[in-house]
Amino acid sequence: PLLRENEAVLISSSRAMSDEVLRIIAMNREFTRNYQIKYNLVTNPRTPFSFVSRLVPHLREADLKNLLRSKNVTSSVIQAVRQQLQRKVKS
């Protein structure tokens, strides 16, 4: 409850943070309004995929393309990003 937005940005980017803490941040609407937190959660391999799949549609197209080239994200995230880019192309 005492966690501030700027602290959530740092925590969401930390690869050493437990998945439970990342889950709490991902479930908090106030935190997920911040674009940087959304992006950090998607790129963090410890974030549970159920939350990543909800956040991918909210990322900018340029960031999605960068994620496709990134070696730091899991294959399931890359697959979700590909699907999102295909949806954007169709619409």
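Cut-offs applied
Residues numbered from 1 in each chain as written. Predicted model: local features only at pLDDT ≥ 70, side-chain atom pairs only at ≥ 80, totals over all residues. Heavy atoms only, no water. Helix = DSSP H or I, 4+ residues; strand = E, 2+ residues; numbered from the N terminus. Rg over C-alpha atoms; globule rule 2.2 N^0.38 Å. Buried < 20%, exposed > 50% of the residue type's maximum accessible area, 1.4 Å probe, protein only. Contact = heavy atoms within 4.5 Å. Areas by Shrake-Rupley, 256 points an atom, 1.4 Å probe, with all protein chains shown as cover. Lys, Arg positive; Asp, Glu negative; His and termini not counted. Charge placed at Lys NZ, Arg CZ, Asp CG, Glu CD. Polar contact = N/O pair within 3.5 Å; in protein donor to acceptor, adjacent residues only side chain to side chain. Axes fitted to C-alpha atoms, helices over the stretch in contact; angles between N-to-C directions. Parallel < 35°, antiparallel > 145°, perpendicular 65-115°, else oblique. Left-handed = near helix turned anticlockwise from the far one by under 90°. Core = buried A, V, L, I, M, F, W, Y, C linked by side-chain atoms within 4.5 Å. Salt bridge = Lys/Arg side-chain N within 4 Å of Asp/Glu carboxyl O. Arc of directions from axis to C-beta.

Peer 1: Sorry, what's going on with the overall build of the protein chain here?
Peer 2: Along the backbone of the protein chain there are 7 helices and 0 strands. Walking the protein chain from its N terminus toward its C terminus, one meets helices and strands in the order α-α-α-α-α-α-α. Taken over C-alpha atoms, the radius of gyration comes to 13 Å for the protein chain, in line with the 12 Å a tight globule of 91 residues would show. Principal-axis analysis of the C-alpha atoms places the extent of the protein chain at approximately 40 × 25 × 20 Å. The buried share among the 91 residues of the protein chain stands at 37%. Considering only contacts in the protein chain between residues 6 or more positions apart, those separated by 24 or more positions represent 54%. For the protein chain, the accessible surface area stands at approximately 6000 Å², while carbon and sulfur atoms represent 50% of it. Positive and negative side-chain charges in the protein chain, numbering 16 and 7 respectively, have mean positions lying 9 Å apart.

Peer 1: I tried to follow the side chain of Asn 34 on my own but got confused; where do I start?
Peer 2: Its location among the elements puts Asn 34 in the loop between α3 (29-32) and α4 (35-43). Note on Asn 34: relative accessible area 17%, which makes it buried. Within the structure, Asn 34 has its side chain in polar contact with the side chain of Glu 5 (distance 2.6 Å). Setting aside its immediate chain neighbours within four residues, Asn 34 contacts Glu 5 and Val 9.

Peer 1: I tried to follow the packing of helix α6 (residues 61-69) against helix α7 (residues 75-90) on my own but got confused; where do I start?
Peer 2: A pair of packed helices is characterised by two quantities: the angle between their axes and the separation of those axes. One can describe the packing of α6 onto α7 by two numbers: an axis separation of 9 Å at closest approach and a directional angle of 140°. Taken together, α6 and α7 sit at an angle that is classed as oblique. Remark: the crossing between α6 and α7 carries left-handed chirality. Where α6 abuts α7, its residues Glu 61, Leu 64, Lys 65, Leu 67 and Leu 68 lie against Ile 78, Val 81, Arg 82, Gln 84, Leu 85 and Lys 88.

Peer 1: In this structure, what is going on with the nonpolar core? I would like to understand it.
Peer 2: In summary, soluble globular proteins display a tendency toward joint burial of nonpolar side chains. In this structure, Ile 25, Leu 41, Val 42, Val 56 and Val 81 are the most contacted members of the largest nonpolar core, which totals 23 residues. For this core, the secondary structure elements donating two or more residues are α1 (5-13), α2 (19-27), α4, α5 (49-55), α6 and α7. When residues in this core are grouped by element, the largest group, 5 residues, is from α7. Sequence-distant contacts of Leu 41, that is, excluding residues within four places in its chain, are made with Ser 12, Leu 22, Ile 25, Ala 26, Thr 47, Val 52 and Leu 55.

Peer 1: Just to check I follow, could you spell out the pattern of salt bridges for this structure?
Peer 2: A side chain of one charge can pair with a side chain of the opposite charge if their charged atoms are brought near each other. Under the definition given, this model contains 2 salt bridges. We note a salt bridge from Glu 20 to Arg 23, for which the minimum N-O separation is 2.9 Å. Placement of both Glu 20 and Arg 23 in helix α2 is noted, with a separation of 3 residues, approximately one turn of the helix. Glu 61 is the partner of Lys 65 in a salt bridge, and the nearest nitrogen-oxygen pair spans 3.5 Å. Taken together, the residues span about one helical turn, with Lys 65 and Glu 61 both in helix α6 at a distance of 4 residues. Residue classification places Glu 61 among the partly exposed residues on the basis of a relative accessible area of 38%.

Peer 1: Looking at this structure, I do not really get α6. What am I missing?
Peer 2: Each α-helix turn comprises 3.6 residues. Residues three or four places apart therefore point the same way. Listed in full, the buried residues belonging to α6 are Asp 63, Leu 64 and Leu 67. Considered in projection along α6, the buried side chains sweep an arc of 105° and stay on one side of the axis. When the buried face of α6 is taken as reference, the exposed residues oriented beyond 90 degrees from it are Ala 62 and Arg 69. Against the buried residues of α6 lie α4 and α7.

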